[in-house]
Amino acid sequence: MSLHPLLPRRNIAAWLGALCFFLMLAALLDGIIAGGRKDPLINEVVPGESIKLSGPMPRDAERLDQLWLRAADPAIGLALEEVRTGFWLGGQQWQAEVTVPAQLGTGDHIISLSARNETSPKMTQTYTLRVFASPKALKDASLSLTTSTFGISPFFLAIIALPLGVASGVASTLLSRKITQDLRAQGMAQVFRVQRTPEGQRIFFCLGSENGLSEGDELDILDAQGSTVIGSAVASVVRAADAESLLPEGQSAPINSFVRLRQ
């Protein structure tokens, strides 16, 4: 049984927060790696879907009527929509809507764009429309482990995990403060740091002069459940809100054990 009723909740909140931040970092890494591996000229779709396609305006072209957009399969619907300024690097960008008919076969289909007066094949922009038989087939082929496993974007998972991690961290902090206050009122504190030194093990705990502790005061050391005395110590360095103690030779105390001011 725990020494304080809030300790299990604090521990759960702390572990949940750590898990959420780990998921966030893993999802971001997964998304970045998958994005780096993906060919930007390949667009993955399923039959019946419509997507937006865009690219830089060809040289000497300023209007949509100066562009020639075509697909190797005439069943693919193509509609040039607008000319706009690029979001990242500026410059003029064309945008089109591509509609994949429900009966289109799976595999790669080529879409090309060039200026109407362009004669050099090198100046033709070529895009690949990769058609999958079903949303499940598209999900399974994803380069993202998050998407292929759970069917969601890794960046969406990161966005969800971040506030959950922050909320869990705040909850853990508030619970820790409440636990510390309650234990101090009983002349007790939890060991939050353990340090190995040539002189022996040194422990740190949140019990200080504000709580009536003075250098030289004797302390009992209790196990992590706070039920059994496993050693003794003397307060060697006392600050306002915390203190430390050098344990006798051959004696040790685990992290999250407790100290209690001997009456």
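Residues numbered from 1 in each chain as written. Predicted model: local features only at pLDDT ≥ 70, side-chain atom pairs only at ≥ 80, totals over all residues. Heavy atoms only, no water.

Draft legend 1. Inspection of the overall build of the chain at higher detail. Counting its regular elements, the chain contains four helices and 14 strands. The C-alpha atoms of the chain give a radius of gyration of 32 Å, which is well past the 18 Å a tight globule of 263 residues would have. Projecting the C-alpha coordinates of the chain onto the three principal axes gives extents of approximately 95 × 35 × 30 Å. Considering only residue pairs separated by 6 or more positions, the chain has 63% of its internal contacts joining residues 24 or more positions apart. (Helix = DSSP H or I, 4+ residues; strand = E, 2+ residues; numbered from the N terminus. Rg over C-alpha atoms; globule rule 2.2 N^0.38 Å. Contact = heavy atoms within 4.5 Å.)

Draft legend 2. View of the pattern of salt bridges. As enumerated under the stated definition, the model contains 14 salt bridges in all. Residue D65 is joined to R63 by a salt bridge in which the shortest nitrogen-to-oxygen separation is 3.1 Å. Several salt bridges converge on common partners, so that one network encompasses R202, R239, D242 and E244. (Salt bridge = Lys/Arg side-chain N within 4 Å of Asp/Glu carboxyl O.)

Draft legend 3. Seen up close, the packing of aromatic side chains. Tallied over the entire structure, the rule returns one aromatic pair. Between W94 and Y127, the aromatic rings sit 5.8 Å apart at their centres with planes inclined by 80°, giving edge-to-face as the arrangement. Taken together, the residues span a long stretch of sequence, with W94 in strand β5 (residues 92-99) and Y127 in strand β7 (residues 125-131) at a distance of 33 residues. Residue class for Y127 comes out buried when judged on its relative accessible area of 6%. The ring of W68 carries R70 above its face, with NZ or CZ at 3.9 Å from the centroid. (Phe/Tyr/Trp six-rings, centres within 6.5 Å; stacked < 30°, edge-to-face > 60°. Buried < 20%, exposed > 50% of the residue type's maximum accessible area, 1.4 Å probe, protein only. Lys NZ or Arg CZ within 6 Å of the ring centre and 35° of its normal.)

Draft legend 4. Structural detail: the nonpolar core. Membership of the largest hydrophobic core comes to 19 residues, with the highest contact counts inside it found for W94, V98 and L129. Contributions of two or more residues to this core are made by β2 (50-56), β3 (67-71), β5, β6 (107-115) and β7. Leaving out residues up to four positions away in the same chain, W94 has contacts with L53, S54, G55, P56, M57, L67, L80, E82, L113, Q125 and Y127. V191, I221, A235 and V259 belong to the second largest nonpolar core, which has 16 residues in total. (Core = buried A, V, L, I, M, F, W, Y, C linked by side-chain atoms within 4.5 Å.)

Draft legend 5. Examining the sheet that holds β2 more closely. Pairing within the open sheet is antiparallel, and its three strands lie in the order β2-β5-β4. In the strand order of this sheet, the two ends are held by β2 and β4 (77-85), each with one partner. Each strand of the sheet is rotated relative to its neighbour by a mean of 25°, with strand direction disregarded. Here β4 runs beside β5; their pairing, made up of eight bridges, is antiparallel. Counterpart to G77 in the pairing with β5 is T99. (Pairing = 2+ DSSP bridges. Axes fitted to C-alpha atoms, helices over the stretch in contact; angles between N-to-C directions.)

Draft legend 6. Main features of the layout of surface pockets. Reported here for the largest pocket is a volume of approximately 430 Å³. Around the largest pocket, the lining is made up of 22 residues, and of these A34, K38, E44, S142 and L143 lie nearest the centre. Residue assignment for the lining of the largest pocket shows that the elements contributing at least two residues are α1 (7-37), β1 (42-45) and α4 (154-185). The dominant element in the lining of the largest pocket, judged by the number of residues it contributes, is α1, at five residues. Tallied by class, residues from the lining of the largest pocket come to ten nonpolar, six polar and six charged. (1 Å grid on protein atoms, 1.4 Å probe; cavity = no way out; pocket = protein on both sides within 12 Å on 5 of 7 lines; lining within 4 Å. Points joined across faces, edges and corners; volume = space filled by probe spheres on them. Nonpolar A, V, L, I, M, F, W, Y, C, P; charged D, E, K, R; others polar.)

Draft legend 7. Quick look at the sheet that holds β1. An order of β1-β7-β6-β3 is seen for the four strands of this open sheet, with the pairing classed as mixed. Edge strands, defined here as strands with exactly one partner in the open sheet, are β1 and β3. Direction aside, neighbouring strands of the sheet carry axes that sit 20° apart on average. When β6 meets β7, the two strands line up antiparallel, connected through seven bridges. Along β7, the bridge assignment pairs D108 with R130.

Draft legend 8. Expanded view of the pairing of strand β14 (residues 258-261). Relative to β14, strand β8 (residues 188-197) is paired through three bridges, and the arrangement is antiparallel. Residue pairing across strands places A189 opposite V259, the latter belonging to β14. Sheet topology note: the strand β10 (residues 218-222)/β14 ladder contains four bridges and is antiparallel. Paired with L219 across the strands is L261, a residue of β14.

Draft legend 9. Representation of unusual backbone geometry. The backbone phi angle of D60 is positive, close to 65°, even though this residue is not glycine. Within the element layout of this structure, D60 appears in the loop between β2 and β3. By relative accessible area, which is 68% here, D60 ends up exposed. We note that N256 has phi near 70°; this positive angle belongs to a residue other than glycine.

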